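# Examining the three-dimensional arrangement
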Amino acid sequence: MTAADPRPLTGEPVALDLLNTRWAGDGGPFDLFAGAAGLSRIEGLAVWLESTGLAGRFRADAPTLVHLLTAREALARAVADPADASARALVDAVLEHGRIRPTLTAEGIGERTEFDDRTWGPAWTAARNYLELLGSAPDRIRKCASETCVLHFHDVSRNGTRRWCSMAACGNRAKASRHYARTRER
């Protein structure tokens, strides 16, 4: 049984969920892969694998964590500046460790993911998911509008105007701050 996920935002697409393994909160910055909530690095990895549905396919071990940290850095740079050629090269370097192999199944056309080393699996999966997000709606990959928040989300709102990682947290703080400013002016 894995520990509870301590992160304030979960359930985003795998690529963004990987970026959200680092967050800010009361008491400073936190990193799920560096001892957040009293978890060891490997326990943090196990929590992340479980929350993303990858736990049954991949192991929580040191090599997997090293590769996942490589992917997280590559994705963070690519999301921060999509025009950065060196960030794109880092994402490509992660993607070189796997491929999608077409198959024919009883149900029809299928796919099977293959890796040169299975410990690259979660990292490759996150990088591949980023490509899927770019292919479907690159303008919907967003960073929370709060200046103190570092979380990312995929805006699936109907009109595409979501600004906050969470209305209950960052959105509420922004509204409260605006209200406080208005009442001070009176």
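Residues numbered from 1 in each chain as written. Predicted model: local features only at pLDDT ≥ 70, side-chain atom pairs only at ≥ 80, totals over all residues. Heavy atoms only, no water.

### Notes on the pattern of salt bridges
Considering all chains together, one arrives at 11 salt bridges under this definition. Glu 114 is the partner of Arg 99 in a salt bridge, and the nearest nitrogen-oxygen pair spans 2.6 Å. Of this pair, Arg 99 sits in strand 3 (residues 98-105) while Glu 114 is found in strand 4 (residues 108-115), placing the two residues 15 residues apart along the sequence. The shortest N-O distance in the salt bridge between Glu 114 and Arg 112 comes to 3.3 Å. Since its relative accessible area comes to 41%, Arg 112 is described here as partly exposed. Three or more residues joined by partner-sharing salt bridges are found here, namely Arg 99, Arg 101, Arg 112 and Glu 114. (Salt bridge = Lys/Arg side-chain N within 4 Å of Asp/Glu carboxyl O. Helix = DSSP H or I, 4+ residues; strand = E, 2+ residues; numbered from the N terminus. Buried < 20%, exposed > 50% of the residue type's maximum accessible area, 1.4 Å probe, protein only.)

### Here's the deal with the nonpolar core
Core analysis: the largest hydrophobic core is formed by 44 residues, its most contacted members being Leu 18, Phe 33, Trp 48, Leu 75 and Cys 165. Every element with two or more residues in this core is listed here: helix 1 (14-19), helix 2 (41-52), helix 3 (62-80), helix 4 (85-95) and helix 5 (121-136). The leading source of residues in this core is helix 3, at seven residues. (Core = buried A, V, L, I, M, F, W, Y, C linked by side-chain atoms within 4.5 Å.)

### Overview of the packing of aromatic side chains
One pair of aromatic rings is described through two measures. These are the centre distance and the angle between the planes. The final tally for this structure, using the stated rule, is four aromatic pairs. Each ring, one from Trp 23 and one from Phe 30, has its centre 5.6 Å from the other, and the planes form 25°; the classification is stacked. According to the relative accessible area criterion, Trp 23 is buried, its value standing at 7%. With a relative accessible area of 27%, Phe 30 lands in the partly exposed category. (Phe/Tyr/Trp six-rings, centres within 6.5 Å; stacked < 30°, edge-to-face > 60°.)

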